[in-house]
Structures are given as C-alpha cells and as structure tokens.
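Residue-level structural notes
Residue-level listing of the chains:
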Amino acid sequence: MNARTLTPARTAPRPIARRRYVVVALVAPLLLLWLVAGVQLLLIPDLGATVPTHWGSKGVDGWGPAWTFPVLTAAVGGGCVLLLGLLGLSGVGTPTGTGPGQRLRFLAATTVWMAVFFACLFGLLPGDENLEPRLLIGLLGGAALGGLTAWWAYRVTWDVAADQPPVEPAPAALSHGEPTTWERTVTMSRSLWAILAGVILLTVGIVFLGSTTTEPRPLEAPRFWWTAAGLAAFLLAIGVTTFSARVRVDASGLTVRGTIGLPRISVAAEQVEKAEVLPVSAVGQFGGWGWRYFPGSGWGVIMKSGEALVVTKKNGSNLTVTVDDAAQAASLLSAYAELSGGSGSPGTPSTR
C-alpha cells in the first residue's frame, strides 16, 4: 500500500497510523506547551514576586506566585493534551476489539487545537493587571491559530484501516403469528463511574478553592449555593438517565431507551438497510462513552468497548449500540426489515 492509495480513503495500516498520530497529536503539542512554559520560566525574574491569577467584575481579585503560569502551561495544558492524546490510542495498540478502524484524524485535530489554544492563552497572561487586551488576543488568536493547526493535523494524520469486515448475520426464521422480541440491558462499567466521579470531585475542588481565595467571597452568598445545587442536580440527572440503556428489537424495529425511558432513539424496521456486528473501540471510534455522535461513526449508544450492533439506515446514517449478543439482535432485525420491505424483497426468505 503506497501513499497514493492512502490519500483518497485517508486510512493506513495500524502501525503507520499510530506512529503518525503519536508524533502529531502527542509529541508536537507537548513540545510546544513545554517550550512556552520554559520561556515563561525565563521571564520570571522580570515579573514581581506575585502575579494576578484571578479576575472578577471589578478587576484583579486574586494573586499567586510568579511561577503560577509556567505550571499552568506545562501541567494543565500538557496534562489535558496528554490525557486526550492517550485516550485516542485506547484500543489502537492491538488488533483485537477495534472494529472497522479508529477515527484518529479527528482526535489528532482536537488535541492539536487544544495545545495551541492553551499556549496562546497562558502565554499572554502573566504580567500586569491590564488583562483585557491580552485575554482577548489569547482567546481569539488561540482559537484561530488552533483551528489552522487542527486542519493541518487532520490532513497529515490517518485513520486506522479496518482489521476485519463487519459480520452481517443471516435473517432469523420467523414463525407466522408468533412475534419475537429480543431485549438486553447494557450498563457503564464501575471503572467509568470512578473516572467520572473523580472528574466531578476535581472540578468541585477547583471551584471551592477559587471561591475561598477571592474577594468578595462567593461562599457567603446564597446565590452561590443555589447555583452549585442546581449544577449538582443537573449532573446527577445526566448520570442517572444515561448510565445504562435498554435495547429492544421487535416487529417495529430497534429501540434504545435510557434508564428512565429517556433519552430514546429508534430505527423503524422499514428504514433498515442492513444490520451488522463488529467490535467497537469507545474512544477510538466515538471519542468516549455514553449517548453520543462522532464524525465518521455516526450516532452511538456506547457504554463499553467490544461487541456492537451497527444498523445502517436507507439514508446512509448509522446507529451503533454496544451490547452483548449483538448477532442475535442483528439477525432478528434483518428478518423484520425484510418483512417490512426495508432490505431485500418484502417477505422473501433470505438465501444468505
């Protein structure tokens, strides 16, 4: 396979795509951020002992040591890039459990954009209290320059080529007058819940720390507590409604519902073009877990990596659901699609 054949499909064998991704989405962004942090360290003698670190409606209301911004650039910016970049490699190292390929180009573009944005923003902040012009330059310049470099990253990286073709099970044999249904429940793993809980606790800690080190102190205002309670309730509602999904195939087609019946997504039997089974990498193909949409992969209810039911609709869109026993679901859905005229000839038994 040469470069000429790779260009139209934008895919490459796993080792090649992986190496290019590591250089573009990990090595280059980290070097950029650490270079900016190094320059900031060299400029510390030209700054005062403390620098502004927090601004409110009335100007500066928080101060910190002069090394605050080099740490922010290297640790926060570098940490975010490292986390996202490594997540992009999840499932890419081995051929198993990766489905038709990884969408590395989009992940590379996102990681590079993040690095350039942080470099522009944090690189302009240290100094006097006159924040507004530099903040505007950092925000707009970082977004624009980050967009350009993200486009470059998207163009020079490749997605992982398919390891294996999807499996399309033969339609199930249906008994006349005896409707058949298939149901399963899929739930997020405990490790994912632990990760989510850690992220929420870290966010709460940062907000609390900022609230206790600025003037006026937000913790003394009832509005702060009402806002915090509302945010907590909102996050809890999202968690409760999306931590599991009930998947059902019957004569009407495929239906996926959240824990309390919402959110809900369905594909009518007559809309089904084909139903397939393949392994899916949650991060590599959908950028994470949950109910989501990802460019190149379509809509998905992704509670884990592994076996998935992939339904292609007649309009070309896809719905992917990670669930056990996906082959039986695909077989039954194909049968109902044929009966309704969604694929093949209506009512014609399959010869596959």
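In this text, all values refer to a predicted model and were calculated from it rather than measured experimentally.

Regarding helix α2 (residues 14–43)
End to end, α2 covers 43 Å across 30 residues, agreeing with the expected 44 Å (1.5 Å per residue, within 8%). A bend of about 30° at V23 is the largest found in α2. Buried within α2 are the following residues: R14, A17, Y21, V24, A25, L26, P29, L30, L33, V36, A37 and Q40.

Some words on the environment of T259
By the secondary structure assignment, T259 is in the loop between β7 (253–258) and β8 (264–268). Residue T259 is classed as partly exposed on the basis of its relative accessible area, which comes to 36%.

Description of the packing of aromatic side chains
The final tally for this structure, using the stated rule, is four aromatic pairs. Relative to F117, the ring of W113 has its centre 5.1 Å away and its plane inclined at 10°; by these criteria the two rings are stacked. With W113 and F117 both in helix α4 (residues 104–124) and four residues apart, the pair spans about one turn of that helix. By relative accessible area, which is 33% here, W113 ends up partly exposed. Residue class for F117 comes out buried when judged on its relative accessible area of 15%.

Points about the packing of α2 against α4
At their nearest, the axes of α2 and α4 sit 10 Å apart, and the two run at 5° to each other. With respect to their mutual orientation, α2 and α4 come out roughly parallel. Residues A17, Y21, V24, A25, P29, L32, L33, V36 and Q40 of α2 form the contact with α4, whose participating residues are L104, L107, A108, T111, V112, A115, V116, F118, A119, F122 and G123.

A few points about the side chain of R105
Looking at the secondary structure, you find R105 in helix α4. Note on R105: relative accessible area 12%, which makes it buried. Here Y154 takes part through its side chain, which lies 3.5 Å from a polar atom of the side chain of R105. Ignoring sequence-local partners within four residues, the contact set of R105 consists of R10, Y154, T157, W158 and D159.

Calculation notes
Residues numbered from 1 in each chain as written. Predicted model: local features only at pLDDT ≥ 70, side-chain atom pairs only at ≥ 80, totals over all residues. Heavy atoms only, no water. Helix = DSSP H or I, 4+ residues; strand = E, 2+ residues; numbered from the N terminus. Expected span 1.5 Å × (residues − 1). Bend = angle between axes of the 7 residues up to and from the residue. Buried < 20%, exposed > 50% of the residue type's maximum accessible area, 1.4 Å probe, protein only. Phe/Tyr/Trp six-rings, centres within 6.5 Å; stacked < 30°, edge-to-face > 60°. Axes fitted to C-alpha atoms, helices over the stretch in contact; angles between N-to-C directions. Parallel < 35°, antiparallel > 145°, perpendicular 65-115°, else oblique. Contact = heavy atoms within 4.5 Å. Polar contact = N/O pair within 3.5 Å; in protein donor to acceptor, adjacent residues only side chain to side chain.

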